Structures are given as structure tokens and as C-alpha cells.
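Spelled out, the chains give:
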Amino acid sequence: MHLTDARTALASAPHHGEGEEDPRGDTSRPMSPPRAEVPSVPSEAELPARLKTLPRAAQLTGLPAAELRTDAAANVEGGAALLAAAQKKLGKPLSEDPADWYGAIARFSGADDEATAATYANDVFAVIRDGERRTTDAGQRVELAPEPGLRPDTAQLRSMGLRKAAPGDTECPKTVSCEWIPAPYEEFKDPNGNPDYGNHDLADRPRSQSIDSIIVHDTEGRWEGVLKMVQDPTYVSWQYSLRSTDGHIAQHVKAKDVAWHAGNWYVNAKSIGLEHEGFLTAPDTWYTEAMYRSSARLVKYLAKKYDIPLDRQHILGHDNVQGTVSSTIRGMHTDPGPYWDWRHYFTLLGKPFHRTAGPKGGLVTVRPSTRRTGRCTRAAASQPTRVCRTVRRRCASTRSRVTTRR
């Protein structure tokens, strides 16, 4: 249910705070070290409600926080308790008719503006109305029967007191909630007194330079801190930020201009950067369905506008971007990490992955047998929970298989 407890995650350094990568990626004009400081972990009172829903669910249900994190049934119970609390706050009955819950679902998103809350609720009701089928990572088939006659009470949204987001002159599809929060372009002096400017380069793409790729990042920090970073003229930049809980989008740099996000000048000059709020070691909490859907809609819009192919050669992770020279390789980033669900992402993009190679395909995948990986559970003990689960799942394989695919 994407219950959030951000204080633990925020104890990690922010994504742009390692101090080794030069995000501009231009060895002929290296960037001065950013003046932005690693923020301290906020107190519980400083965090917005959307980032502490797990403690709230624990209060409502009486279940321990640890159980809400690790037990699937408890997690669903916690989400249901939050939804019921939102319904009561709106003065609505705990009805058995899903149509009566539109406002509560919009509130469950954690959105503070009307457009984002509506987009989130509309997505939820579209799934209920159309039905859904999925096969889980464990091989279970889950099916939700469609309710084609469902008509939610959307008028509930107008009485919730949410703000009107200022879209400005954004480059976003109409199917997402998007606002303009510009990254500043200012001239200033670097620490040595030399002229410099930030935090992006003015350009005239695609007329001056083609755009051929989109880079997916995660922030390794929370939304509020990320917005502060991108508005620092001495810091770094990217075109778009996407909020975890509700998929809300902020645009900071026009697509025609070159943002400093990938650590490789050639890649920056020909790409658009998307930062997703989250932490790569906690994907189950931060990489939400709302954010995946919003990101996919934005990527489809940009790909069509700039004629970017929707494939893994052009829709890249920051971890796919190489260093400019050997000395810069160690500073490159690992986001969005191994648990960004590329298969699901490309299904949402309308380009699902398919196996295409025959027996003469060029790629060999080796899946080791249990006999060779007997110690993997102990080795995974110090790793994040998702890593441990994945290793155990691989250990459960009963035989080794070698497959070939293109």
C-alpha cells in the first residue's frame, strides 16, 4: 500500500551529495563543487503527512510498525485504515459502493493540489472500472473483475480545499498534473573568482542539437529537498521531477536547454533528465504505481514530440550512462537501481518486452542451481529486505538453466 516512513530512508545521503560526480560532465570546464549541503534528517514534525503514513496506520490499527512493513495482510489493513480515516474526515459514510469513495481516494494520494489528486483518483477508478490481470513475481495470477458501470462522485473533490497548481508554460501532456518551478540561470563567480554560470546551459534543441534519449534518475532524497537543490544556481539541474506518492510533476528546465544531470556532457547535450522521488534500496515504498504511470505518460509525450524511440537504447537509467574518461567512472551513479521495474515501465509505455531470439541468439543468461548457491541466504542477511527476498527467490530454483535470447 506504499505506506511511508521517511525518517529512516532520509538518514542516507542525497543522490547529488556524494561529491565525486561532476554532473555537467564537461572536462574542458569542470564544475566547481556545489555549495549545497547534505541536509540533516528532519524531525517527525517537519515531514509532510504523505511521508509518514506508516506511523499513522500503526496508530489507527494498533499493529506494530515492523508488522506493517513486512506482513502483506497487515500492510493492506493499514492502507484500508488510512482510507477509512480519510472518508470519515470528509464526513462520508463507510459505504460498500466504490463510487462514494472518490474524495477519500484522492486524499489517500497525499496530493496537496486538486489536479494531482484528481489524476490519482481517476487512475484508481479506471482500474476498477476496466478490471486488471497480473502475474506476480512469485508466479501468482491476480484478477480484478471489471465494473464498467462505475461512476464516482467526482464533485467531492471541490470541497476538499486543495490548492490550484500553477502549470505555467510547462511541456507536459494533458493527462498529468504538471507545474513550472524553474531552475535559475544566473551568472556568478566561482570560488576562485572566475566567471561561471548555472545551473544549466541555454540552447535551442532540437534545432541546434537533436534530442535522442531520456534518462531516468531517482533522487535519493525527498521532494522538498530536491526542489531546493534544483533552484540553487550553483548546483545541478534536470528537466523534470516526479513525486513518489501521487505522481505530480514539476518542470525546471525547458527541453530546448541542456540540464546538468547525467555526469556526461555528450549525454546531457542530447537527453532529457527525469528525477523520480525515491531511494533505490527501498523500491516498494517509493517507486509507486502513481509515479510509474505519470512518468510513462510524460515519456510517451516527449518521445513523440522529439522522435525518440521507445526502447532500452534510448530510454536509459542513470546507471546506464558511462563516464566521460576513466577517471570519472568511479563517480558515476547507480540510480534508479536494480529494482526499477523496467518491464512494467515499458508495458505502460505501450512497448512491452518480448523474447525475440531463436536458438542462435547472441546473449546467454546463466541461472545457477541451488547446489551452487547454498550460502546465498546468509550472504544476503546484511542486504536490504528486497535484495534478500530476491536472492532467496533465486536460491529456490530447483535446476540450472541456460537460455539464449537476442
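Refer to the structure presented above.
The shown structure was predicted, so the numbers you read here are calculated from the model rather than taken from an experiment.

*Asks:* How do you make sense of the packing of aromatic side chains when you look at a structure like this?
*Replies:* Geometrically, a pair of aromatic rings is defined through the distance of the ring centres and the angle of the planes. For the structure on display, the rule yields eleven aromatic pairs. Where Tyr292 meets Tyr345, the ring centres are 6.2 Å apart and the plane angle is 55°; that geometry is what we call tilted. Of this pair, Tyr292 sits in helix H10 (residues 289–306) while Tyr345 sits in helix H11 (residues 342–348), placing them 53 residues apart in sequence. This pair shows no difference in class: Tyr292 is buried, exactly as Tyr345 is. Measuring from ring centre to ring centre gives 6.2 Å for Trp340 and Trp342, while their planes differ by 65°; the resulting arrangement is edge-to-face. On the basis of relative accessibility, which here comes to 2%, the residue Trp340 falls in the buried class. Here a set of aromatic residues connected by ring pairs shows up, and it is made of Tyr287, Tyr292, Trp340, Trp342, Tyr345, Phe346 and Phe353. Looking at Arg24, its charged tip hangs above the ring of Trp260, at a distance of 4.5 Å from the centre. Above the plane of the ring of Trp342 lies Arg312, whose end atom (NZ or CZ) is 3.8 Å from the centre.

*Asks:* Sorry if this is basic, but what is going on with the sheet that holds strand E7 (residues 213–218) here?
*Replies:* In a beta sheet, neighbouring strands pair by backbone hydrogen bonds and run either parallel or antiparallel. One open sheet holds the six strands; their spatial order is E3-E9-E8-E11-E7-E12, and the pairing between them is mixed. The open sheet is flanked by strand E3 (178–180) and strand E12 (315–317), the only strands paired with a single partner. Geometrically, the sheet is characterised by an average inter-axis angle of 25° between neighbouring strands, direction not taken into account. In the sheet, E7 pairs with E12 via three bridges, with the strands oriented parallel. In the sheet register, Val216 faces E12, and the bridge partner there is Gly317. Relative to strand E11 (residues 271–276), H10 is tilted by about 170°, and along the sheet it contacts E7, strand E8 (240–242), strand E9 (249–251), E11 and E12.

Cut-offs used in this document
- Here, residues in each chain are numbered from 1, in the same order as that chain's written sequence.
- Per-residue local features of the predicted model are confined to residues with pLDDT of at least 70, and side-chain atom pairs are confined, for both listing and counting, to 80 or more; whole-chain, interface and lining totals are unaffected and use all residues.
- The basis for every side-chain value is the complete set of non-hydrogen atoms in the structure, without hydrogens or water.
- Pairing of aromatic rings covers Phe, Tyr and Trp, the last through its six-membered ring, and needs centres within 6.5 Å; plane angles under 30 degrees mean stacked, over 60 mean edge-to-face, and all others mean tilted.
- The helix and strand labels rest on DSSP assignments: H or I over at least four residues marks a helix, E over at least two residues marks a strand, and numbering proceeds from the N terminus.
- Per-residue accessibility, obtained with a 1.4 Å probe over protein chains only, is compared with the maximum for each type, and a residue is labelled buried under 20%, exposed over 50%, and partly exposed between these values.
- Any Lys NZ or Arg CZ that is within 6 Å of a ring centre and within 35 degrees of that ring's normal is treated as a charge sitting over the ring.
- Any two strands with at least two DSSP bridges between them are considered paired.
- To get an axis, fit a line to the C-alpha atoms, keeping to the stretch in contact for a helix; angles then go from 0 to 180 degrees between the N-to-C directions.
- Two residues form a contact once any of their heavy atoms are found within 4.5 Å.

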